[in-house]
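# Examination of the molecular architecture
Given next are the chains, with one letter for each unit.
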Amino acid sequence: MEIVLAEHAGFCFGVERAVQSVYEKLKTGRPIYTYGPIVHNEEVVRELEEKGVKVIKDEDDLERTVPEKDAIIIIRAHGVSEAVYNKLADKGFEVVDATCPFVKKIHRTVMQESSLGREILIVGDPDHPEVQGIKGWIKGKSKIFQNLSDAEKFSPNADSDYTLVSQTTFQSKKFQEIVAIFEKKEYNVNVVNTICNATEERQRAAESLASKADAMIVIGSHTSSNTKKLFEICKNCCENTFYVQTPDDLDTGRLASANLVGITAGASTPQKLIEEVQNNVRGTYF
Ligand code: F3S
C-alpha cells in the first residue's frame, strides 16, 4: 500500500495567521476571547479553550457577556459584519481583527461597490459566517446564490447594475457555471472572482489525487465548508472516500484492498491531525 498526501492540504495562510494571533495574545496574560470559533475545527478550538480562551458564540451570547477587565477579543478568520465589529468595540473589548486578508478584501469591495449604488450578488452558503459577514458590509441591496438553480431563477432588473462576488471557499467549477448563467442573461454585472487561491489549490490537488487513488481520506470538521467541498470533489472521483474529523473516526479495515490511499485535509485542519491519521494507517498496514 502507498499513502500519498495531496500536494496542498491543511492549514491555509489565513487560518494559520488567525490561530497564531490567539497564541500571541495569550502571552500577554490578559483575558482572551474569540468571536465565534477562531477556525472551523473543534480540536483547535478545544486546545485553545484548555488554555483559557473563551468563545463568544453569536450576537445573543455577546449581549449577555460582560467582558473581564483588559479583555482582548479576536475576530475569527471568516470575519464579521460591520455591526458586530462595532458592538465588540462598544462592549469595551480591545478588538484584534484576525479576519483573513482575502475576506477583508471582499468586505472592502462590497462596501465600495454598494456605496456606488450597485446591487451585490454573493455566490455562497447564506448560513455560513463568512457570507453573513460579507453581507454585513453592504450598503444597499444584495442577494445570495447557493447553486445553479438560484442563478437560473434570478431575473435581473434592466435598470440596475450588479457586482458579483463569491464566498472564498466556493467550488471553483460551480462558480464558473453560475457566472456563465449570469452572463447569458446579458445585464450589467461586474464579476469579481473572490475564490481564494488556497481553496482552488486544495481542490485541484484533491481531485488529481482522488482520480488515481483506490481510497481517499478527507480530514476536517463537519462544520468546515472547504472540507465539505473537498469531500464532494473526492467522492466524485473515488467512491471509497472517507470523511474523518480525528484518527478515531477512521475504520482502517475499510482500506485493506487499496493499493493507493490518498489523504487530503481542509484549510482549518492542523498538521498534527494529518500526521496522526497518516500514522494510524501506517500503524495498521506497515
Ligand atoms: Fe483566507 Fe483562503 Fe484560508 S480566504 S482563511 S487563505 S481559505
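Residues numbered from 1 in each chain as written. Predicted model: local features only at pLDDT ≥ 70, side-chain atom pairs only at ≥ 80, totals over all residues. Heavy atoms only, no water.

### Considerations on the domain arrangement of the protein
When cut into domains, the protein gives domain 1 (2–10 + 197–285), domain 2 (13–99) and domain 3 (102–191). For domain 1 and domain 3, the distance between their C-alpha centres works out to 31 Å. The interface of domain 1 with domain 3 comprises nine residues on the first partner and nine residues on the second. The contact between domain 1 and domain 3 buries some 690 Å² in all, and 40% of this surface belongs to carbon and sulfur atoms. The three residues of domain 1 that bury the most area against domain 3 are T199, S225 and K229, which together make up 45% of that side's buried surface. Taken together, domain 1 and domain 3 are joined by two salt bridges. Broken down by secondary-structure element, the contributors of at least two residues to the side of domain 1 that touches domain 3 are α9 (197–210) and α10 (225–237). (Domains from an automatic or database assignment. Contact = heavy atoms within 4.5 Å. Buried area = accessible area lost by both parts, 1.4 Å probe. Salt bridge = Lys/Arg side-chain N within 4 Å of Asp/Glu carboxyl O. Helix = DSSP H or I, 4+ residues; strand = E, 2+ residues; numbered from the N terminus.)

### Overview of the pairing of strand β10 (residues 215–219)
With five of five residues buried, β10 lies mostly within the body of the structure. Residues A215, I217 and I219 point to one face of β10 and M216 and V218 to the other, with burial holding for every one of them. Bridging between β10 and strand β12 (residues 260–265) involves five bridges; their strand directions are parallel. Of the residues in β12, the one forming a bridge with I217 is I263. Pairing geometry for β10 and strand β11 (residues 241–244), over four bridges, is parallel. If you follow I219 over to β11, its bridge partner there is V244. A crossover connection joins β10 to the parallel β11 through α10; in handedness this β-α-β unit is right-handed. (Buried < 20%, exposed > 50% of the residue type's maximum accessible area, 1.4 Å probe, protein only. Pairing = 2+ DSSP bridges. Right-handed = clockwise from strand over helix to strand, strands pointing away.)

### Quick word on the state of the cysteines
Counted according to the given criterion, the structure contains zero disulfides. C238 forms no disulfide, and the closest cysteine sulfur to it belongs to C234, at a distance of 7.6 Å. On the basis of relative accessibility, which here comes to 3%, the residue C238 falls in the buried class. (Disulfide = S-S within 2.5 Å.)

### Considering the site of the ligand
Neighbouring residues of the ligand: C12, G14, C100, F102, T168, C196 and T199. Counted by class, the shell around the ligand contains four nonpolar, three polar and no charged residues. (Near = heavy atom within 4 Å. Nonpolar A, V, L, I, M, F, W, Y, C, P; charged D, E, K, R; others polar.)

### With respect to the packing of helix α1 (residues 13–26) against helix α2 (residues 42–50)
For any two helices packed against each other, one specifies the crossing angle of their axes together with the interaxial distance. As a packed pair, α1 and α2 sit with axes 12 Å apart at the nearest point and diverge in direction by 5°. Relative to α2, the element α1 lies roughly parallel. Within the contact between the two elements, α1 uses V19, V22, Y23 and L26 and α2 uses V44, E47 and L48. Per-class residue counts for the contact of α1 with α2 are six nonpolar, no polar and one charged. (Axes fitted to C-alpha atoms, helices over the stretch in contact; angles between N-to-C directions. Parallel < 35°, antiparallel > 145°, perpendicular 65-115°, else oblique.)

### Brief notes about the pattern of salt bridges
Enumeration over the complete set of coordinates arrives at 16 salt bridges. Of the charged contacts, one joins E43 and R46 as a salt bridge, the two residues approaching to 2.7 Å between their closest N and O atoms. On the criterion of helical spacing, the pair formed by E43 and R46 is a turn pair, its members being three residues apart in helix α2. Given the relative accessible area of 22%, E43 is considered partly exposed. Taking the relative accessible area as the measure of exposure, R46 reaches 38% and is therefore partly exposed. The closest approach of N and O atoms between R118 and E113, which form a salt bridge, is 3.5 Å. On the accessibility criterion, R118 (17% relative accessible area) is buried. Here the salt bridges do not stand alone but share partners, grouping E43, R46 and E50 into one network.

### Observations regarding α1
Compared with the 20 Å implied by 1.5 Å per residue over 14 residues, the 20 Å span of α1 between its first and last C-alpha is a close match. On its buried side, α1 packs onto β2 (32–35), α2 and β4 (72–75). (Expected span 1.5 Å × (residues − 1).)

### Examining the sheet that holds β12
Spatially, four strands are ordered β1-β12-β10-β11 in an open sheet, and the strand pairing comes out parallel. Of all strands in the sheet, those with a lone pairing partner are β1 (2–5) and β11, marking the two edges. Within this sheet the neighbouring strands show an average axis-to-axis angle of 20°, counted without direction. Lying on the sheet, α10 is in contact with β10, β11 and β12; it crosses β11 at an angle near 165°.

### Brief notes about a negative patch on the surface
On the surface, a cluster of negative charge is made up of D248, D249, E275 and E276. Structurally, E275 is set in helix α11 (residues 271–285). Residue classification places E275 among the partly exposed residues on the basis of a relative accessible area of 38%. (Patch = residues over 30% accessible without salt bridge, like charges linked within 9 Å, V, L, I, M, F, W, Y side chains within 5 Å. Areas by Shrake-Rupley, 256 points an atom, 1.4 Å probe, with all protein chains shown as cover. Lys, Arg positive; Asp, Glu negative; His and termini not counted. Charge placed at Lys NZ, Arg CZ, Asp CG, Glu CD.)

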